[in-house]
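Chain residues, written in single-letter form:
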Amino acid sequence: METEFNSFTLIVNEASIKNNNLPAGEFKLNPQIEKRIGKVNSSENAYAVEVRVEIYNTSENPFPVDLVASVSGIFNIFGDNTEEINNFLQIQGFQMVFPYLRSLVSNMTANAMMPPIFLPIVFANQFEEKPITEQFEKPF
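Residues numbered from 1 in each chain as written. Predicted model: local features only at pLDDT ≥ 70, side-chain atom pairs only at ≥ 80, totals over all residues. Heavy atoms only, no water.

Asks: I tried to follow helix H1 (residues 82-111) on my own but got confused; where do I start?
Replies: What sets the pattern is the α-helix's 3.6 residues per turn: residues three or four places apart point alike. For H1, built from 30 residues, the straight-helix expectation of 44 Å at 1.5 Å per residue is met to within 8% by its first-to-last C-alpha distance of 41 Å. Along H1, the largest kink reaches about 40° and is centred on Phe94. Of the residues flanking the start of H1, the one acting as N-cap is Asn81, its side-chain oxygen 3.1 Å from the backbone nitrogen of Glu83. Phi turns positive one or two residues past the end of H1, at Met113, with a value near 60°. (Helix = DSSP H or I, 4+ residues; strand = E, 2+ residues; numbered from the N terminus. Expected span 1.5 Å × (residues − 1). Bend = angle between axes of the 7 residues up to and from the residue. Polar contact = N/O pair within 3.5 Å; in protein donor to acceptor, adjacent residues only side chain to side chain.)

So, in structure tokens, the structure goes:
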């Protein structure tokens, strides 16, 4: 059976921002970006790619806000070639979801009436590739 990508749904899992009330100054953006890929238990053909960013104010790296944002793409993929499905999710799936996370972060900060945070462009090959082993009870 040939592998076929059928549909894509985007879900915002989490979006939070907290002002740390630091005085104006120069700050270094040090986002922690994670990628998670897994099979969604609720559907036979559904796979999820979650991309999450965390930015925190620390004593080593002061930052004016604490921010957490997470976006998932739910992909309906038909086929039984697990290698093709894994390759699609690792590269194209991530490349489809990540721009929405970048947009969410910049809009959150701009709407909070602060200078917008623009996450750096990140490529899928910058992450360790892990096989699809995680099972998600719900789409997130």
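Next comes the rest of the write-up.
Asks: Before we go on, may I ask you to explain the pairing of strand S3 (residues 46-55) in this structure?
Replies: One face of the sheet, then the other: side chains in a regular strand alternate in exactly this way. Of all 10 residues in S3, 9 are buried, a share of seventy percent or more. Inspection of the sheet shows strand S2 (residues 32-40) paired to S3 by 8 bridges, in the antiparallel sense. Paired with Lys39 across the two strands is Tyr47, which belongs to S3. In textbook terms, the turn of a hairpin is the stretch between consecutive antiparallel strands, and for S2 and S3 this stretch comprises 5 residues. (Buried < 20%, exposed > 50% of the residue type's maximum accessible area, 1.4 Å probe, protein only. Pairing = 2+ DSSP bridges.)

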